[in-house]
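For reference, the chains in residue letters:
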Amino acid sequence: MTHSDAGGRPSAEQSLDETDFRLLDEIRELFQAADPMPADLPERIRFSLALRDLEVEVARLVEQEAVAARGQEQSRTITFDSDSMTIMIRIDANRDGTARVDGWLAPPQRREIEMKTAADSLSVASDEQGRFAFARVPRGTAQLVVRPAEQEGRSVVTPALIL
Amino acid sequence: MDDRKPVTVRASQPERSERIARLVSAAQKGDEDALGEIVTEFSPMLWHIARAAGLSTGDAEDVLQTVWMRLLAHLDGIRTSAALAGWLVTTTKREAWRVRSAGRKQLPADTELFTALPDPGPGSEEQVITDDQRRALWLAIGRLSERCQELLRVIAFVPRPDYAAVAAELGMPVGSIGPTRGRCLAKLRALLGIDPEGSLA
């Protein structure tokens, strides 16, 4: 990569040549090293996609914030939005290393709610105010599924999150 | 970039496109492993699209999860690797914009990024250029406009056979016979002293 002393300017209108492709290969390597995708991300995505056979409505994460809590462990609140509802959850650390998850559905409604984790899945029901709680959830990847109210309705699923 | 040195070996274009098309077809029939392979193949490209758009690592992860979950609803209409890449690029850009415009924290341009040469670490592809050449390339990228940095970063992750399908989407100029080099690559080559024929003086 020395500097040419003569030579015309590389033209932007030319088709990509082997040198361009090799430059792009090197650029890819450099950015891969400078800002690598988390190695476990594809695995977490595959975890989320395991629900694929369900007719689902995907909730998007719209807000996430850490809230101060007593003790050293921080709590987090996360809000998910889908076409039909908003799901807000608060995650606190239990002393035994598991997580407590308190949630609210808006609009308020009774639903069956499932927390899928790597090991198994936990199930609770929300009350008529839309509140629900999982007292102890193992740490790791987890995903919420709000089951439909009626047989033919759609489940609402959140992206996988790390507790 | 010495022309006499071996080019990094990649799967030939038709071979890769056929493989992706087969994976798409298997995924449509419910093959989870095929879908997983597609995720593994394309996620790095989507990661760099989201990060180049200024998202935090956490927001970029959320965007990728959303994009892949949305793909499930659109998978049946996709036949080719190029169509898949095009859909993924478009959707990731749109989701990244959505997250940014929702007022969530946006990172300032990373001015530190180009001060140190990234360490490729063990297991990276065989080194076809020297450390000095890599350093020169990295510094040259750092001297480009932010817009060019973003563009080159993203197109570097687009699989070669899918270039034509996603070029326009990414703002790459397309000539009569396909994508052209464009202003950003031309500028980079000028900074590196590579002449139009690809050889070094």
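See the structure shown above.
These figures come from a predicted structure and were not determined experimentally.

What counts, and where the lines are drawn
Residues numbered from 1 in each chain as written. Chains lettered and ligands numbered in written order. Predicted model: local features only at pLDDT ≥ 70, side-chain atom pairs only at ≥ 80, totals over all residues. Helix = DSSP H or I, 4+ residues; strand = E, 2+ residues; numbered from the N terminus. Buried ≥ 20, exposed ≤ 12 C-beta atoms within 10 Å, placed from the backbone. Contact = placed C-beta atoms within 7 Å. Axes fitted to C-alpha atoms, helices over the stretch in contact; angles between N-to-C directions. Parallel < 35°, antiparallel > 145°, perpendicular 65-115°, else oblique. Left-handed = near helix turned anticlockwise from the far one by under 90°. Nonpolar A, V, L, I, M, F, W, Y, C, P; charged D, E, K, R; others polar. Pairing = 2+ DSSP bridges.

Caption draft 1: Local environment of the overall build of chain A. Assigned secondary structure in chain A consists of 2 helices and 11 strands. Listing each helix as α and each strand as β along chain A from the N terminus yields α-α-β-β-β-β-β-β-β-β-β-β-β. Taking all 163 residues of chain A together, 32% fall into the buried category. Put simply, of all contacts in chain A between residues at least 6 apart along the chain, 42% involve residues at least 24 apart.

Caption draft 2: Up close: the packing of helix H2 (residues 32-52) of chain B against helix H4 (residues 81-101) of chain B. Residue and element names in this part refer to chain B. At a minimum axis distance of 9 Å, the contact between H2 and H4 shows a crossing angle of 30°. When the axes of H2 and H4 are compared, the pair comes out roughly parallel. Here the hand of the crossing between H2 and H4 comes out right-handed. Along its contact with H2, which presents Phe42, Leu46, Ile49 and Ala50, the element H4 presents Ala85, Leu88, Val89, Thr92, Lys93 and Ala96.

Caption draft 3: Molecular detail of the packing of helix H3 (residues 57-74) of chain B against H4 of chain B. All names here are of chain B. At a closest axis distance of 9 Å, the pairing of H3 and H4 adopts a crossing angle of 135°. Our classification of the angle between H3 and H4 gives oblique. Crossing hand, H3 versus H4: right-handed. Between H3, through Asp59, Val63, Thr66, Val67, Arg70 and His74, and H4, the contact on the second element is made entirely by Trp87, Leu88, Thr91, Thr92, Glu95, Ala96 and Val99. Of the residues contributing to the contact of H3 with H4, the split by class is 6 nonpolar, 4 polar and 3 charged.

Caption draft 4: How the structure looks around the pairing of strand E6 (residues 112-117) of chain A. Residues and elements named next belong to chain A. Across 5 bridges, the pairing between E6 and strand E7 (residues 121-125) is antiparallel. Paired with Lys116 across the bridge in E7 is Ser121. Taken together, E6 and the strand that follows it, E7, pair antiparallel across an intervening segment of 3 residues. As paired strands, E6 and strand E9 (residues 141-146) are joined by 5 bridges and run antiparallel to one another. Looking at the pairing, Ile113 lines up with Val146 of E9.

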